[in-house]
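Structure assessment
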Amino acid sequence: MAFLLNCPNCGQRNVYDFRFGGEVLTRPAPDASNEDLTAYLYGRENADGPQREWWNHNLGCRKWFVAVRDTHTNEVIETSWAPDISVPNAEESDGQ
Amino acid sequence: MASNGTGERLSPGKHELIDREVVVDFEFEGKLITAHQGDTVGSALTAVGIDLLSRSFKYHRRRGLLCVAGNCPNCLMTVDGVPNVRTCTMPVTGGMTVRRQNAWPSVDHDFGSILDRMDRLLPVGFYYKVFHKPKILWGIMRPIIRRIAGLGRVDTSSDGGPAYTHRNVHTDVGVVGGGPAGMMAALEAAATGLDVTLIDDQPLLGGQLLLDATRHTDPAIDDMQDGTGQEIAEVLRQRVAQQPGITVLNGATAFGFYQDNLVSIHHGNEAIEVRAGRVVIATGAIEIPMQFENNDRPGVMLASGALRLANLYGVTPGKRAVVITADDSGYSTALALLDTGITVAAVIDMRPEPGTSELAESVRSRGVEVLVGHRVVSASGTKRVSGVRVIGPDSSERNIRCDLVCMAGVWNPSTGLLLQQSDTAVEYDEQLRESVPVELPEGVYVAGAITGIHDLKITLAQGKAAGRQAAGFDYEDASLLRAGERDYRARMRAPGSSSGSQTVLSNPVKTAKKEFICFCEDVSSKDVEVAVSEGFGDIQTLKRYTTATMGPCQGKMCHSSFIESAALQTGKTIAAIGRTTARPPAQGVPLGALAGPGHMPRKRTALDDVHRRLGAEMVEVGPWLRAHNYGSPQDEVVTVRNRVGIIDVSTLGKLDVRGPDAGALLDKVYTHRFSNLREGRIRYGLLVGENGSIMDDGTVTRLADDHYFVTTTTGNIDAIEDWFNWWLAGTGMEVFVTNVSSAFAAINVAGPRARETLVKLTDVDLSTDALGYMRSTRGMVAGVPCIFLRIGFVGETGWELHFPTEYAEHMWNALMEVGAEFGIAPFGLEAQRVLRLEKGHIIVSQDTDAASDPLDAGMRWAVRFDKPDFIGRGGLVANRSRPSEEKLVGFVMHDRFVPEDGQPIVKNGVPIGRVTSSRLSPTLDKGFGLAWVPEKLAREGAEIFIRSGKTDSPAIVTLKPVYDPDGLKLRE
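Source: prediction; values computed, not measured.

Rules behind the numbers
- Residues numbered from 1 in each chain as written.
- Chains lettered and ligands numbered in written order.
- Predicted model: local features only at pLDDT ≥ 70, side-chain atom pairs only at ≥ 80, totals over all residues.
- Pairing = 2+ DSSP bridges.
- Helix = DSSP H or I, 4+ residues; strand = E, 2+ residues; numbered from the N terminus.
- Axes fitted to C-alpha atoms, helices over the stretch in contact; angles between N-to-C directions.
- pLDDT = per-residue confidence, 0-100.
- Contact = placed C-beta atoms within 7 Å.
- Buried ≥ 20, exposed ≤ 12 C-beta atoms within 10 Å, placed from the backbone.
- Nonpolar A, V, L, I, M, F, W, Y, C, P; charged D, E, K, R; others polar.

Here we come to the sheet that holds strand S17 (residues 300-302) of chain B. Residues and elements named next belong to chain B. Read from one edge to the other, the open sheet built from five strands follows the order S17-S24-S18-S19-S20, with strand pairing classed as parallel. Each of the sheet's edge strands pairs with one partner strand only, and the pair in question is S17 and strand S20 (369-372). Within the sheet, the average angular offset between the axes of one strand and its neighbour, ignoring direction, is 20°. Two elements, strand S18 (residues 320-325) and strand S24 (residues 404-408), share five bridges in a ladder whose sense is parallel. Paired with Ala 321 across the two strands is Leu 404, which belongs to S24.

Right, let's get into the sheet that holds strand S1 (residues 19-28) of chain B. Residue and element names in this part refer to chain B. In spatial order, the strands read S2-S1-S7-S5-S6; together these five strands make up an open sheet with mixed pairing. Each of the sheet's edge strands pairs with one partner strand only, and the pair in question is strand S2 (31-37) and strand S6 (82-86). Geometrically, the sheet is characterised by an average inter-axis angle of 45° between neighbouring strands, direction not taken into account. Note that S1 and S2 share seven bridges and pair antiparallel. Its bridge partner lying in S2, Val 24 is registered against Ala 35.

What follows covers the confidence of the model for chain B. Detailed reading of the predicted coordinates is not advisable wherever pLDDT falls low. All names here are of chain B. On average, residues of chain B score 92 in pLDDT, and 98% of them are at 70 or above. Across residues 496-502 the pLDDT falls below 50, and counting only partners more than four positions away or on other chains, this stretch makes 33 contacts in the model. Of the two predicted TM-score estimates for the complex, the pTM is 0.86 and the ipTM is 0.92.

A few words now on the environment of B:Ile114. All names here are of chain B. As for its position among the elements, Ile 114 is in the loop between strand S7 (97-99) and helix H2 (126-129). Judged by the 10 C-beta atoms lying within 10 Å of it, Ile 114 falls in the exposed class. Along the primary structure Ile 114 and Ala 627 are separated by 513 residues, whereas in three dimensions their C-alpha atoms are 60 Å apart.

Right, let's talk about the interface of chain A and chain B for a bit. A common way to state how big an interface is: give the accessible area lost once the parts meet. Taken together, the contact pairs 21 residues of chain A with 20 residues of chain B. Those elements giving two or more residues to the side of chain A that touches chain B turn out to be strand S3 (19-23) and helix H1 (34-42) of chain A. Of all the elements, H1(A) adds the most residues to the side of chain A that touches chain B, at three residues. The residue makeup of the side of chain A that touches chain B, split by class, is 12 nonpolar, six polar and three charged.

This is how it looks when you write it as structure tokens:
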């Protein structure tokens, strides 16, 4: 792992400066079923291809952002601030 | 010890690296060796007549200098305690100590060399075949084999060896390889105004040109009409030195090439990571050994190695040479050797016809026999080569006497670094008879001998083109360059073509047990034949079975011979055989260089000096150093229980959480509710993960309507800060989370006389009516603004004071001074652990683990299920609906016996739980602690048994703290 990542705040930096936060997941509603909860807690897509994931610029501005990375080639397709989730289930309406 | 001078040297050469005016002494196995400044260990030893440098891996055969370029395994020695140093490129420094390795009792008289005659016992893959029956034999043989094989030994008594450092370099264009192509590329790229880093593994830029004494006309460099290769190198080197923007790293080995053009470099005691915008790979080609029996005898060298010794160090590689060649370079080698005064007995040209007949003629005219279409079958001699057996085209055989064999003109393009990139491909080129790059990733360019073309003019043009392209421009003369390359390839097709590699297998029909392909691992052509006949026909399995290409040279010396040999044995073409996978490192790197200096930060509180002056014993707690005790933890416990104690708790994580949505954020991440916390109140805060397991704990204080002060455990602060910010991301909540851990120092003042002490320094009303338990206020103490937290981790009346760090020592001294009359004393971490344990307070990750939830840990009271949502609610709700497996409880022994942390609770000899913390209780004068037990035993008075060694000791479960069970003291 030695690629470059574009922090929306600081620009392109060595991946060593970042902390990986895993796949972007949609948090189930408080009254979700046990199955949905289990899927959220332990199920991962582990995509072979583009994947949305959390990154934190740990040794920089310490901000969290979302990167779309192709896990097959390690190419970072885009980075952006976290999607607006102030509206409940904004992510689903976003088609994610 | 006596020095015998720097040995016999050739007359000074124009391009040598040594300074004959300066001598340097070093120690070699107890003897003092004198070298010249600029010598390598290998050149200095050869100069004084030491040609046996190592013993081989498996058969313990004698090995001497081969490549003199830091590629092969033959000169690995232990230098200043560091094993496996390539001494042929290691510069001599005064006072260094050098010894040879992998032999007993000595390299000169190695008992292990008997293995060379026991090869029948050690067939290829013997590790899987012999010494396995009877079974007990393997147990005896394995340690012996491991001791006999292998390389140098790590000195375990060493205090850590050299201090390695790490450095990051950012550059526009990285150029790997400092030969003509690399220098040209660097010059072109830098001329456009870019920043260029030129990386070369040799002490001097020039690459193969350093050894090239032949004349080149019109090299197309400035206004240069003609010059020898060495002169051209000199001109290029000067231009590189004068060109602004080029940083040169000499003696720097690029061993890793990673994504987004990161080049990892080993440079002396430094590891450098060069992040380049674009990269030019001009790593050239490596001359490799030919195949004949005993091709590993000391005195059998690569032509380039012999010339390097003679030209760069003035050391004679031998007295009477035989040159074997696969291209014209053998003739230039012969001429260069003759010029230094070495006798050349014969040039053996493996091609059916000589290439450039003028070259052959000029060698002949100097009295050297030229044998065209001949091959060498074997070398003779025991300690050193004494002759070669030659077979002619008519199968006639003869011996030629010599003490030096130079193998010239078989080249292996150095693609080991390039191939570490994905989107890269190398293919065997039938015309060039070399495996050359055919596919390159974006932003990576190649130039020079790595392309399989050995022609200076083309190499220089390729360098120019690569430099231009790496700088982001087109190369104007691209079509001319392509035409030149086409023309070169056309020449290659001609019979008896003038240059280019030939097959390395001098005798393709017959294999031999001691005809070595892989010098690192002692793998011979016979071994490949046997392995293929056993079914290991695929190159990947053949590699793993024979271990060929897997030694220190990482295939540099053997990869093409190995593939060619495999092709021969399987009847496939070289292209069909394919290649083994290139992985980092391209060359062995000391682990110390990879590890670098310790990166563990060592944090000290503002009171560190104070603790040391008081004679505290310090312990590591995460990154922090904390005072464990000041002499007697027992006395410190008594101080707090009976009088007043102070402890430095500055290491606590502290977060300032501020904004209109601060309460909402805390409600979201904590199990408790904080939006309804009144100003000036404190509440215990428990953080759990989404699955409900305990992550961290601390206190949350509401300082103002939109302002909270949060403490976390010492080691978790960074993770908790990230955790808060993660749950904020994208929510649009208006909150600032600021880590103020080092901005605030903190001292806890606790004990029955704490109030009397503190009132002397403050006007704040400390009475329970004004500032009760779990209340907070702000005010001045000893003239310093403080946040007062009335909490009770240790179980006594006490105040945690948080204040600006710069006043820490002043505050500490003021408290000690006014508390003197009440018997104040500092207490350390150990006393605090005993005190808190008597109160049954948990320490997260000491008493809990990744599977512990608040329900089982007895902290149901800290979880507000009536909140519609919080992080971990779903997990806790699910856990609540399942029967609990175990609970965290207190226990008390019947006597002063103290079990160890982690000892099992047993029932009928079967573990059913475990102790997490235990100490001697000063209150009870009995052993006690916390333990996880099955739920049915989690009741007051239940009997449990704790196993220590072979003894099971009884203990009684208690659900209440052993000290002040109702918490009355805290509230006084």
